[in-house]
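Tertiary structure, described
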Amino acid sequence: MITRLSTLFLRTLREDPADAEVPSHRLLVRAGYVRRVAPGIYSWLPLGLRVLRNIEAVVRQEMDAIGGQEILFPALLPREPYQTTGRWTEYGANLFRLHDRKGGDYLLGPTHEELFTLTVKGEYSSYKDYPVILYQVQTKYRDEERPRAGILRGREFLMKDSYSFDLSDEGLARSYQAHREAYIKIFDRLGLRYVIVSAMSGAMGGSASEEFLAEAETGEDTFVRSTESGYAANVEAVITPAPPERPLDGLPPARVLHTPDTPTIDTLVGHLNGAGLGRTFSAADTLKNVMVKTRQPGAQRWELLGVGIPGDREVDMKRLEASLAPAEVALLDDTDFAAHPFLVKGYIGPGSLADNGVRYLVDPRVVVGTAWATGADQADHHVVDLVCGRDFTPDGTVEAAEVWAGDPSPDGAGTLVAARGIEIGHIFQLGRKYTDAFALDALGSDGKPIRITMGCYGVGVSRLVGAVAEQSHDAHGLIWPREVAPADVHVVIAGKDAAIGAAGERLAIELDAAGLRVILDDRPATPGVKFADAELIGVPTILVVGRGLASGVVEVKDRTTGERTEVPVDGVVAHLNELCAK
Ligand code: ATP
Ligand code: MG
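Residues numbered from 1 in each chain as written. Chains lettered and ligands numbered in written order. Predicted model: local features only at pLDDT ≥ 70, side-chain atom pairs only at ≥ 80, totals over all residues. Heavy atoms only, no water.

1. Side note on the overall build of the protein chain
To be explicit about the condition: Numbered from the N terminus, helices here are DSSP runs of H or I no shorter than four residues, and strands are runs of E no shorter than two. Only protein chains enter the accessibility calculation, which uses a 1.4 Å probe; a residue whose area is less than 20% of its type maximum is buried, one above 50% is exposed, and one in between is partly exposed. Note on contacts: a residue pair is in contact if any heavy atoms of the two residues lie within 4.5 Å. Positive charge is attributed to Lys and Arg, negative charge to Asp and Glu, and no charge count is given to His or to the chain ends. Taken as the charge location is NZ of Lys, CZ of Arg, CG of Asp or CD of Glu.
Within the protein chain, the regular secondary structure consists of 15 helices and 32 strands. In terms of its C-alpha atoms, the protein chain occupies a principal-axis envelope of roughly 95 × 70 × 50 Å. Out of the 582 residues belonging to the protein chain, those deemed buried represent 51%. Here the contacts in the protein chain between residues at least 6 apart in sequence split such that 70% fall between residues at least 24 apart. The positive charge centre, built from 61 side chains, and the negative charge centre, built from 81, are 5 Å apart in the protein chain.

2. Regarding the sheet that holds strand 28 (residues 489–493)
The criterion, for reference: Criterion used throughout: strands pair if DSSP finds at least two bridges between them. In this analysis, axes come from line fits to C-alpha atoms, helices being fitted only over the stretch in contact, and the angle between any two N-to-C directions falls in the range 0 to 180 degrees.
Taken in spatial order, the 6 strands make up an open sheet running 1-29-28-30-31-32, and their pairing is mixed. Of all strands in the sheet, those with a lone pairing partner are strand 1 (2–4) and strand 32 (564–568), marking the two edges. Each neighbouring strand pair of the sheet contributes to a mean axis angle of 25°, computed without reference to strand direction. In terms of strand pairing, strand 28 meets strand 30 (residues 541–545) through 5 bridges, oriented parallel. Within the sheet, the bridge partner assigned to His 490 lies in strand 30 and is Ile 542. Its contacts with the sheet place helix 14 (residues 527–537) against strand 28, strand 29 (518–521), strand 30 and strand 31 (553–558), and it is angled at close to 170° to strand 28.

3. Comments concerning the site of ligand 1
Cut-off, in case you're wondering: Proximity is defined per residue: any heavy atom of the residue falling within 4 Å of a molecule or strand makes that residue near it. Each polar contact in these results corresponds to two N or O atoms within 3.5 Å; when the atoms are within protein, one needs to be able to donate a hydrogen and the other to accept it, and residues that are neighboring in sequence are counted only if both atoms are side-chain atoms. Only the protein chains shown count as cover for residues, and all accessible areas are computed by the Shrake-Rupley method using a 1.4 Å probe.
What surrounds ligand 1 is a group of 14 residues, the closest being Arg 142, Glu 144, Arg 153, Gly 154 and Glu 423. Within the backbone of Gly 154, an N or O atom sits 2.8 Å from a nitrogen atom of ligand 1. About the coverage of ligand 1: the protein hides 85% of its 580 Å² of free accessible area. Mapped onto the shell around ligand 1, the elements with two or more residues apiece are strand 9 (156–166) and strand 22 (416–431).

4. Focus on the domain arrangement of the protein chain
Defined as follows: Segmentation of the chain into domains, including their bounds, is taken from an automatic or database domain assignment. A quick way to say it: buried area is the sum, across both parts, of accessible area lost when two parts are put together, with a 1.4 Å probe.
In terms of domains, the protein chain is made up of domain 1 (18–238 + 418–470), domain 2 (255–397) and domain 3 (489–581). Each of domain 1 and domain 3 has a C-alpha centre, and these two points are 40 Å apart. The interface of domain 1 with domain 3 comprises 6 residues on the first partner and 4 residues on the second. Approximately 430 Å² of surface area, both sides summed, lies buried where domain 1 meets domain 3, with 62% of it carried by carbon and sulfur atoms.

5. Observations concerning the confidence of the model for the protein chain
As a reminder, the rule being used: Each residue carries a pLDDT score, the predictor's confidence in it, ranging from 0 to 100.
For the protein chain, the average pLDDT comes to 93, and 99% of its residues sit at 70 or higher. Across residues 201–206, confidence stays below pLDDT 50; counting only partners more than four residues off in sequence or on other chains, it has 18 contacts.

6. A look at the coordination of the magnesium ion (ligand 2)
The condition that has to hold: Sodium, potassium and calcium take a 3.2 Å donor cutoff, other metals 2.8 Å, and in both cases only N, O and S atoms count; water is not among them, so sites may look incomplete.
Protein coordination at the magnesium ion (ligand 2): the donors are Glu 423 (OE) and His 426 (ND1), at 2.2 to 2.3 Å from the metal. Judged by its relative accessible area of 22%, Glu 423 is partly exposed.

7. Looking at the nonpolar core
This is how the line gets drawn: Nine residue types can take part in a nonpolar core, namely buried Ala, Val, Leu, Ile, Met, Phe, Trp, Tyr and Cys, and a core is a set of them joined through side-chain atoms within 4.5 Å.
Formed by 57 residues in total, the largest nonpolar core has its most connected members in Tyr 33, Tyr 183, Phe 187, Leu 190, Ile 424 and Trp 480. Of all the elements, helix 2 (residues 46–65) adds the most residues to this core, at 7 residues. Taken domain by domain, the makeup of this core includes at least three residues from each of domain 1 (18–238 + 418–470) and domain 3 (489–581). Among residues more than four places away in sequence, those in contact with Phe 187 are Leu 192, Tyr 194, Phe 212, Ile 424, Gly 425, Val 459 and Leu 464.

8. A closer look at the sheet that holds strand 5 (residues 76–78)
One open sheet holds the 3 strands; their spatial order is 5-7-6, and the pairing between them is antiparallel. Both edges of this open sheet fall to strand 5 and strand 6 (96–99), since each of them pairs with a single strand only. If you compare each strand with its neighbour and ignore which way they point, the axes differ by 35° on average. With 4 bridges joining them, strand 6 and strand 7 (residues 105–108) adopt antiparallel strand pairing. Across the sheet, His 99 pairs through a bridge with Asp 105, a residue of strand 7.

9. Side note on the environment of Ser 409
When you line up the elements, Ser 409 lands in the loop between strand 21 (396–397) and strand 22. Exposure remark for Ser 409: the relative accessible area of 2% places this residue in the buried category. The spacing of Ser 409 and Val 238 is 171 residues in sequence and 9.0 Å in space, taken between C-alpha atoms. In this structure, Ser 409 is in contact with Ser 226, Ser 229, Tyr 231, Gly 414, Thr 415 and Leu 416, ignoring residues within four places of it in sequence.

Given below as C-alpha cells:
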C-alpha cells in the first residue's frame with residue numbers, strides 16, 4: 001500500500017508544542033504522530049499508530065517465541081480481587097477508581113496480577129497443566145502524580161504484561177530467564193541502547209527483579225554501574241555497604257557544645273573547626289536528621305519519622321519513597337513543626353526523637369561504634385561524639401541518602417558511575433504473594449497441593465515509541481530504526497514537472513510491488529517544505545525524484561547518516577529493495 005501525503009490524515013507543525021520538555025515529545029507532536037487530549041492522555045494519529053503497532057508486533061513475536069500465550073483482560077475491573085490483595089488501598093492516589101450505576105466499586109487496571117492469578121485458578125488444577133506463560137498487550141491506567149514527556153509517562157498507556165506460573169522456584173527462575181532473553185531480543189530489534197539494572201521491588205513485594213533502562217539524559221531513572229564489575233542498579237535499588245561495627249570501649253564521651261547560629265551543616269562544620277576541639281570535622285562526620293511523615297495505605301493518620309544520614313549527603317526522596325513503599329512520604333511543613341515543639345528545627349538530635357517515641361531510621365553507614373556530631377535538641381546547641389549503640393539506638397536502617405558517582409560499588413569491586421535512563425521493561429520474580437492471596441494450588445502427583453509461584457514481566461509498549469524517538473532523532477526530526485519506522489521509503493516528488501511527477505508515481509508503485517512500505521509525497525507543496533517534512537517524519541530512507549531525472553538519476557538519502565547517493569533511476573528499485581532487506 002502506498003501512503004499518499006496528499007490524502008494522509010497528517011498536519012505537521014513548524015512550532016514546538018509549548019508543554020514539551022523533551023525531544024521525543026516535541027518531535028512526535030510536530031511530526032503528527034500523537035495529539036494530546038488531556039494531561040498524560042494522548043491520541044495516536046496514523047503514523048504514530050503504525051509505529052506503535054510495529055513495536056507491538058516485535059513484542060508479540062518474541063513473547064510467542066518463548067511460549068507465551070496471548071489473552072486479553074478488560075481494563076475496567078471490579079474492586080474485589082484488588083481488595084483481596086490489598087492493592088485497592090495500597091495503590092493510593094495512582095488508582096483510577098469509579099462507581100457503576102448500582103454503586104459498585106470499579107477500577108481501571110494499573111496492572112493485572114490479580115486477574116491472571118484468578119483466571120489460572122479458574123482453568124487449571126493439576127501439576128500437569130504447568131508451567132504456563134500468559135500475556136496481554138493492553139491499555140493500562142495510572143493516575144500518575146506527574147505525567148510528563150508526552151507518551152513517556154502517560155496516565156493511559158499501552159503495556160505488554162506477562163505472568164509466569166510455575167510449580168517450583170527452579171521453574172520460576174527458568175521462566176524469568178526466558179523473559180530476560182526475550183526482552184534482550186526485543187530491545188535489540190528496536191535498535192535501543194539500554195542497560196539491565198537490578199531494581200527495587202516497590203509496591204509489588206517479592207525478590208529478584210531487574211529493569212531495562214533505555215539510556216537517555218532526559219530519563220527519569222538514575223542508574224549506577226561499577227567501573228570494574230558488571231554491577232548495575234537503579235539508584236533506588238542501591239544497597240549502601242555498611243562499614244564493620246566498632247568497639248565501644250575507650251571512645252570519648254558525648255559532649256554538648258554551644259554552637260550559636262549553626263542550623264546548617266556548613267555552619268556547623270565551620271563552627272566545630274574553629275572551636276579548638278583538637279581535630280577537624282567534615283560534613284561526613286555530622287549526622288543530619290531529616291524529618292518526614294509517612295502514611296500507610298488506607299490510613300488517615302500521618303506518622304512522624306526521623307531519617308538520619310551523614311551530613312555531606314542530601315536525602316534522595318525517590319530512594320526514601322522506594323524504601324518505605326507502599327507508605328506515602330512527605331517532608332514536614334511549618335504546621336507540623338509547630339505541632340511538635342520538641343522538634344527544634346536545625347538542631348534535631350536522636351535524643352528528642354527517642355524521648356517522644358518518634359521512629360528513627362538511619363543510613364547504613366551509621367553502625368554501632370560510629371561517633372557523630374549532631375543536634376542537641378535545643379537551639380544553638382550540638383552534641384559531638386554521640387556514639388551509635390552507646391548514646392542512641394536507631395530503630396533500623398533506611399536507604400535514603402543520595403548515591404554519588406565515585407561511591408564504592410556495593411559488590412566491592414570498583415566505584416560507581418551514574419547515568420540516566422527510561423524504564424522500558426521490568427522483570428520480576430514475584431513468588432507466592434498473589435498465589436497465596438488467592439490460594440492458587442496445583443494438585444501434585446502425590447495428591448498433595450503445590451502452591452504455584454509467579455513471575456510478572458512488563459514492557460512499556462507506548463513508552464517505547466517515545467524511548468526510541470528519544471534516542472534516535474536530530475535537529476531536523478525523527479530517525480526511525482527500520483523495524484519500527486512507519487514506512488521503508490519516503491518518496492519525494494521534488495518539482496512541478498509532469499515527468500518528475502510521473503516518475504515519482506511509477507517508482508512508488510514499483511517499490512510497493514517489491515513489498516516495501518512506501519510514503520509518497522505527491523502534494524503540490526514546494527520541495528523545501530517536502531524535504532523538511534521528510535526529515536521530520538523520519539523514515540530511514542528518502543528517495544528524491546527531481547531535476548536529476550533529466551540525466552537519468554534520482555537521489556537516495558539515508559536519514560540516519562545524512563549520506564546522499566545518486567542512483568540511476570532504472571536501478572533504484574533493486575537498490576532500495578536490497579537496502580531495506582539488510
Ligand atoms: P515507573 O517507575 O516508570 O513509574 P513502574 O515501575 O511503575 O514504572 P511497572 O509497573 O514496572 O512500571 O510497569 C511495566 C512497564 O510499563 C514499565 O517498565 C514502563 O515501561 C511502563 N510504564 C509504567 N508506567 C508507565 C506510564 N505512566 N506511562 C507509560 N509507560 C509506563
Ligand atoms: Mg517498574
